[in-house]
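# What the coordinates show
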Amino acid sequence: MPELPEVESVRRGVHEWTAGATITRAEVIDPRILGTTSQRRIAVGAEETFSRSLAGLRIVSAERRGKFMWLTLGESDPALSLLVHLGMSGQFRVQTAADEMHKHTRAIFHLERELGSDFTGSGSAGVGDAGRGPERFEMRFVDQRIFGHLGVQPLAWSHGRFVPASTTHIAADPLEPAFDFEAVVDRLTAKNTALKSALLDQSLVSGIGNIYADEALFRAGVHPLANPSRTRRSRLASVLESAILVMHDALQVGGTSFDSLYVNVNGESGYFDRALLAYGRGGQECVRCSTEIVRITVGGRGTHFCPNCQKSPRYR
Ligand SMILES: [Zn+2]
């Protein structure tokens, strides 16, 4: 699953290429993309409702909280958003109508932008001649396995900003201005669960997924099964700090992939794999002490740690 850095990379690309453009038509190729993991059944007429609610709206910005991404749309009342889950294999492609259609294209957003508008991104999608009317292009959502999701939602206020209504329970992520480091550490100290599970609790802090939780615990030298309520506050702060640093590192690696003619980003984290020190390294030597990295399951999630660098908590 894509985690915060991967979703942020996609968001930046989509924002760069589409902010300021108007959706002239939203075309659903495969209605299954409108379903969610909890609601796979698609209501009759869902495609029409989806298309109708988006037609004519302007893309103001591409935004993200944690692993959730959405487009904030202008000229609608109430204010609407296009919520996007990349799922396992979702990706956006910004292309022209003449470009070949990928066989796993699930939806097409036909976009139009007045040339000479206030658009400041570097992308131009390679269409339209300067001074000859609006530039027309398409943002296509390609998803091979259809674990992704597209949905239109009203915006609602939560943790200091407007977010899609279904995501108001998600806490601010560490890269947001609304993120309060000390308050999150305070709440962490009250958790009576495995620390790894607490880090994955999206109502506490969003955007820390399985990969970055393992990396953060390794960097801070804290055992994934440590009980936060029985762990020194400074240790918890160190883990949270490590999570923020490792995500910043991943962003730096992922933030450079948008100089091609179109956005072609799937949320896979492959580009950061070589920098991972714990996650996915079960059976390999620890880079610090050469002890074998161990894989266990915590809260149903594969968890990797060094039993020497991340000592078992003594109270267990
Ligand atoms: Zn070690």
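This next bit is on the overall build of the chain. Helix and strand content of the chain: six helices and 12 strands. Across the 316 residues of the chain, 41% fall into the buried class. By sequence separation, contacts in the chain at least 24 residues apart represent 70% of the contacts at least 6 residues apart.

This part covers the pairing of strand β6 (residues 105-113). Pairing geometry for strand β1 (residues 22-28) and β6, over six bridges, is antiparallel. Bridging from a neighbouring strand, Ala26 pairs with Phe109 of β6. Where β6 and strand β7 (residues 135-143) come together, eight bridges link them in antiparallel fashion. Residue Leu111 lies in a different strand from β7, and its bridge partner there is Phe137.

As a further point, take the pairing of strand β8 (residues 149-158). As judged from the six bridges shared by strand β4 (residues 80-85) and β8, these two strands associate in the antiparallel manner. Among the inter-strand pairings, Leu82 is bridged to a residue of β8, identified as Val152. Following β8, the chain reverses through two residues before pairing antiparallel with strand β9 (residues 161-164); His159 in that reversal takes a positive phi of roughly 50°.

Once that is clear, we can look at the environment of Glu16. Inspection of the secondary structure assignment puts Glu16 in helix α1 (residues 4-18). Expressed as a C-alpha distance, the spacing of Glu16 and Ser61, which sit 45 residues apart in the sequence, is 8.8 Å.

As a further point, take the nonpolar core. Residues Leu82, Tyr212, Ala216, Leu217, Val239 and Ala243 are the most contacted members of the largest nonpolar core, which totals 71 residues. Both domains that furnish three or more residues to this core are identified here as domain 1 (4-167) and domain 2 (181-305). Ignoring anything within four residues of it in the chain, the contact list for Leu217 reads Lys196, Val222, Pro224, Val239, Phe305 and Gln310.

Moving on, we get to unusual backbone geometry. One non-glycine residue, Ile146, lies in positive phi territory at about 55°. Within the fold, Ile146 resides in the loop between β7 and β8. At His159, a position not held by glycine, the phi torsion is positive, near 50°. The residue His159 is located in the loop between β8 and β9 in this model.

Let us now look at the confidence of the model for the chain. Of all residues in the chain, 86% attain a pLDDT of 70 or more, and the chain-wide mean is 86. Counted against residues more than four places away or in other chains, residues 120-129, with its pLDDT under 50, gives 23 contacts. Across residues 255-263 the pLDDT falls below 50, and counting only partners more than four positions away or on other chains, this stretch makes 19 contacts in the model.

Let us now look at the environment of Ala107. Tracing the chain through its elements places Ala107 in strand β6. Through-space distance from the C-alpha of Ala107 to that of Leu34 is 9.5 Å; in sequence the pair is 73 residues apart. If we ignore the near neighbours within four places in the chain, the residues touching Ala107 are Ala26, Glu27, Val28, Ile29, Ile33, Phe141 and Leu150.

Burial within helix α5 (residues 210-220) is extensive, with nine of its 11 residues counted as buried. The complete set of buried residues in α5 reads Ile211, Tyr212, Ala213, Asp214, Glu215, Ala216, Leu217, Phe218 and Ala220. Of the residues flanking the end of α5, it is Gly221, one or two places downstream, whose phi is positive at about 70°.

Turning our eyes to something else, we now look at the environment of Arg11. Here Arg11 shows up in helix α1. Separated by 58 residues in sequence, Arg11 and Met69 place their C-alpha atoms 6.9 Å apart. Residues within four places of Arg11 in sequence aside, it is in contact with Ala62, Glu63, Arg64 and Met69.

Reading the values: the criteria
Residues numbered from 1 in each chain as written. Predicted model: local features only at pLDDT ≥ 70, side-chain atom pairs only at ≥ 80, totals over all residues. Helix = DSSP H or I, 4+ residues; strand = E, 2+ residues; numbered from the N terminus. Buried ≥ 20, exposed ≤ 12 C-beta atoms within 10 Å, placed from the backbone. Contact = placed C-beta atoms within 7 Å. Pairing = 2+ DSSP bridges. Core = buried A, V, L, I, M, F, W, Y, C linked by C-beta atoms within 7 Å. Domains from an automatic or database assignment. pLDDT = per-residue confidence, 0-100.

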